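If you want the building blocks of each chain, they are given just below.
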Amino acid sequence: MPRRSRSLPADSAPPAAPSTAPHAASSALPRAVSSSTAPRAASSAVHRAAASLGESAAAVARRRLPPGGPGRRRVLTLAGSAGAAAAFGLVAGPGSAPSPAAAPAAGAPVRPRRTAHDPAGAGPPHTGTTLSGVAVPSGDGPFRRLVTGPGWRRVVRAELAEAGRQRAAKAVPLVAFAQFTDLHLVDVQHPLRYEFLRAQTASAWRPQESLSVVGAISLVERVNALAGGPATGAPLSCVVTTGDNTDNNSRAELEWFVQVMSGGRITPDTGDPRLYEGVQDSGLPDFWQPDSDVRDHDKAVGFPRLQGFLRAAVRKVTSPGLTLPWYATVGNHDALPGGCFAAADARGFFADFATGDRKLMRLPDAEGARLWRAVERGLDPKGEQFKEMLRAERRHMRVVTPDQRRAPVTPREYVRTLARPHALGHGPAGHGYTEANAEDGTLYYAFRMAEDVMGYSLDTTRRDGHYAGRLGTAQLRWLERQLADHDDMYAIVFSHHTSTTTPEGGDELLALLRDSPHAVAWVNGHSHRNRITPHGTFWEISTASHVDYPQLARTIELVDNRDGTLSLFTTLIESAAPHRTDFTDLSQTGLAALYRELAFNAPGARKGLEGAEGDRNTELLLRKP
């Protein structure tokens, strides 16, 4: 077990506001400078954030359960290695050692013995995860309905350390948390969206995206209902997002994200509240026209006509907010117009167009192909070709209702929006970011996840444009100092981009983490695909999005096996929405279920994003430093 951190007090814990905390007291950001002062800022940030909620850090620590659960050093109360292995649901995976027990049948529910961590009256901790059931298609035809299918089993991956047969009987949970990534909350009526490039890329427009807010709320409901970490039963300490929380760098989308995560009433609508002014009521056959009899391309492959769909998609909905603290990480769609053009500004062409009264909905294929090639190859980082095209196509645009809420968000505005009282939820104030981040425009920080675990949220977006990732020298040096100063705590790094999608600085980050024995995981998203990769001394865990099917998030649990190894348990979760849909049910829950089914059937959508078995529900072994 690592020693207690030199620079963080023992009573420091991630601040969590009680649900009755007065929000007016929480508007100030912590003053800690996570990006430009001494690495000890994380500790003072905890105390200041707790103070902003009217409590001392010690009071917060007394009120909250320890991140590892009651009796953190108590071993899991599982009888024997065979019983423990069955409880964890372990089977041999790619490159793995044999599991400590016979593998359960694929999809068979695993029922761990109740531990001291389990909330009274709660079901098995894996309930509601992909261990117990997964949405699968049923029937024939071009549009397939979803039903509940067998769960995905847990596999052991032992490329980095041997799997000891007695490890589960000795295991001590260190931290358990959930990862959300690529929610892509979409203002589908935003003038700067490039739906007209659908023929070039399926990500330009998705038939399900008008339901992104209800889908994300349903994911919040799923996490709130979890009894604990699916492998250990330990209480989840927090939720960490890994970017692309929003889709088009818009104030409205950012507000929706905050309210989804922290709770509130959300109207996912901009422009004229009496009219829907997006592509789905345009009459164009290029897009699914759900309320119309138009024989569009999507109806030709089985998409239904749903009278009242558009009205339902933009009506007011309610999020309960997470019952856990949550931390934010920025992605390219959060920071850049279109997710790929030069950094947003309060003024200029993109700001004016975003808040203006014109929206382009169709473009000749040849022109669309030319624009998309430039975006793919990073040839138009400032969007000059895009601007030129929009000016030339003005007379072909639809007149829409202007709305200042569609304005772009600068880094300063991003941080200060997360610090506003309505964003607090269960904290911490600023959700990882501090006033220093707002002042200097940096969007990376350190935070304490548990007594022996530090988290590091990075910013891999390119302010000069392009959707590929970048890590500059200043940020890498900051992380190097942080890792050195907290070398007696395990380190988990979070970013939006993956190692293979960060051409500038990605290799340097891999080398830095390999040289830091206490670094155990790099957790990210961006690719919209589940993939888990060993890197010598640590694991890279990339998780699929919540906008493209199969619409997943992930829980991650770090365990000390007390045999010279650690285990990272990864478990995928779907939203709380039922797998079966009813086309006549346009309630909030019904729409969340439809969100998943439309995503499965979306024409041109990439397949196989769930990844292989070893990329889903796993136990990842690694040597203890």
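Presented here is a report on the structure given in the accompanying data block. (Residues numbered from 1 in each chain as written. Predicted model: local features only at pLDDT ≥ 70, side-chain atom pairs only at ≥ 80, totals over all residues. Heavy atoms only, no water.)

1. Overview of the overall build of the protein
A count of helical and extended segments in the protein gives 16 helices and 20 strands. Long-range contacts, defined as pairs at least 24 residues apart, comprise 76% of the intrachain contacts of the protein with a sequence gap of at least 6. (Helix = DSSP H or I, 4+ residues; strand = E, 2+ residues; numbered from the N terminus. Contact = heavy atoms within 4.5 Å.)

2. Quick notes on the pattern of salt bridges
Tallying each qualifying case throughout the model produces 33 salt bridges. Taking the shortest distance from any N to any O, the salt bridge between Asp247 and Arg193 comes out at 3.4 Å. Here Asp247 is found in the loop between strand 6 (239-241) and helix 6 (251-262), whereas its partner Arg193 is found in the loop between strand 5 (172-180) and helix 5 (212-225), with 54 residues between them in sequence. By relative accessible area, which is 6% here, Asp247 ends up buried. By relative accessible area, Arg193 is classed as buried at 5%. (Salt bridge = Lys/Arg side-chain N within 4 Å of Asp/Glu carboxyl O. Buried < 20%, exposed > 50% of the residue type's maximum accessible area, 1.4 Å probe, protein only.)

3. Details of the sheet that holds strand 12 (residues 445-450)
Working definition: the strands of a sheet are paired by backbone hydrogen bonds and lie parallel or antiparallel to each other. Here we have six strands laid out as an open sheet, ordered 12-13-14-15-17-16, and mixed in their pairing. Both edges of this open sheet fall to strand 12 and strand 16 (531-534), since each of them pairs with a single strand only. Within this sheet the neighbouring strands show an average axis-to-axis angle of 20°, counted without direction. The sheet contacts of helix 14 (residues 473-485) involve strand 12, strand 13 (453-457) and strand 14 (490-494), and relative to strand 13 the element is tilted by about 175°. (Pairing = 2+ DSSP bridges. Axes fitted to C-alpha atoms, helices over the stretch in contact; angles between N-to-C directions.)

4. Some remarks on the packing of helix 10 (residues 365-376) against helix 11 (residues 384-392)
As a packed pair, helix 10 and helix 11 sit with axes 10 Å apart at the nearest point and diverge in direction by 155°. As far as their axial angle goes, helix 11 and helix 10 are roughly antiparallel. The handedness of the crossing between helix 10 and helix 11 is left-handed. For the pair helix 10 and helix 11, contact is made by Glu367, Arg370, Leu371 and Ala374 and by Gln385, Phe386 and Met389, respectively. Residues belonging to the contact of helix 10 with helix 11 are distributed by class as follows: four nonpolar, one polar and two charged. (Parallel < 35°, antiparallel > 145°, perpendicular 65-115°, else oblique. Left-handed = near helix turned anticlockwise from the far one by under 90°. Nonpolar A, V, L, I, M, F, W, Y, C, P; charged D, E, K, R; others polar.)

5. Focus: helix 10
Given a rise of 1.5 Å per residue, twelve residues ought to cover 16 Å, and the 16 Å separating the end C-alpha atoms of helix 10 matches this to within 8%. Among all positions of helix 10, only Gly368, Leu371, Trp372, Ala374 and Val375 are buried. Axial view of helix 10: buried residues confined to an arc of 155°, hence all on one face. Across helix 10 from its buried face, at more than 90 degrees, point the exposed residues Asp365 and Ala366. Those residues of helix 10 that are buried are in contact with helix 11. (Expected span 1.5 Å × (residues − 1). Arc of directions from axis to C-beta.)

6. Remarks on the nonpolar core
If you look at the biggest cluster of nonpolar residues, it comprises 93 residues, and the most contacted ones within it are Phe180, Phe309 and Tyr414. Apart from residues lying up to four places away in sequence, Tyr414 is in contact with Asn245, Leu254, Ala328, Thr329, Val330, Asp334, Val409, Tyr433 and Leu443. Leu479, Ala491, Val493 and Leu510 belong to the second-largest nonpolar core, a separate cluster that totals 20 residues. (Core = buried A, V, L, I, M, F, W, Y, C linked by side-chain atoms within 4.5 Å.)

7. Details of the packing of helix 14 against helix 15 (residues 506-514)
Axis separation between helix 14 and helix 15 bottoms out at 11 Å; the angle between their running directions is 10°. If you check the angle between helix 14 and helix 15, you find them roughly parallel. Residues Leu476, Leu479, Glu480 and Leu483 of helix 14 form the contact with helix 15, whose participating residues are Glu508, Leu509, Leu512 and Leu513. Per-class residue counts for the contact of helix 14 with helix 15 are six nonpolar, no polar and two charged.

8. Considering the side chain of Asp269
Inspection of the secondary structure puts Asp269 in the loop between strand 7 (264-266) and helix 7 (309-313). Once you skip the residues sitting within four places of it in the chain, Asp269 turns out to touch Gln189, Trp256, Val314 and Arg405.

9. What about the pairing of strand 15 (residues 519-524)?
The buried fraction of strand 15 amounts to six of the six residues, a majority that puts the element mostly inside the structure. The sheet contact formed by strand 14 and strand 15 spans four bridges and is parallel. Bridged to Ile492 within strand 15 is Ala521. As a crossover connection, the stretch from strand 14 through helix 15 into strand 15 is right-handed. (Right-handed = clockwise from strand over helix to strand, strands pointing away.)

10. As for the packing of aromatic side chains
For the structure on display, the rule yields 22 aromatic pairs. Relative to Phe303, the ring of Trp288 has its centre 5.5 Å away and its plane inclined at 65°; by these criteria the two rings are edge-to-face. With Trp288 in the loop between strand 7 and helix 7 and Phe303 in the loop between strand 7 and helix 7, this pair connects stretches of sequence that are 15 residues apart. Here Trp288 and Phe303 have matching classes, each one buried. Centre to centre, the rings of Tyr456 and Trp478 are 6.5 Å apart; their planes meet at 80°, and the pair counts as edge-to-face. Here the residue Tyr456 occupies a position in strand 13, and Trp478 occupies one in helix 14, the gap between them amounting to 22 residues. The exposure class assigned to Tyr456 is buried, which follows from its relative accessible area of 0%. By relative accessible area, Trp478 is classed as buried at 2%. Stacked on the ring of Trp152, the Lys or Arg Arg616 has its end atom at 4.6 Å from the ring centre. (Phe/Tyr/Trp six-rings, centres within 6.5 Å; stacked < 30°, edge-to-face > 60°. Lys NZ or Arg CZ within 6 Å of the ring centre and 35° of its normal.)

Note that all results are geometric; they support no functional claim without further evidence.
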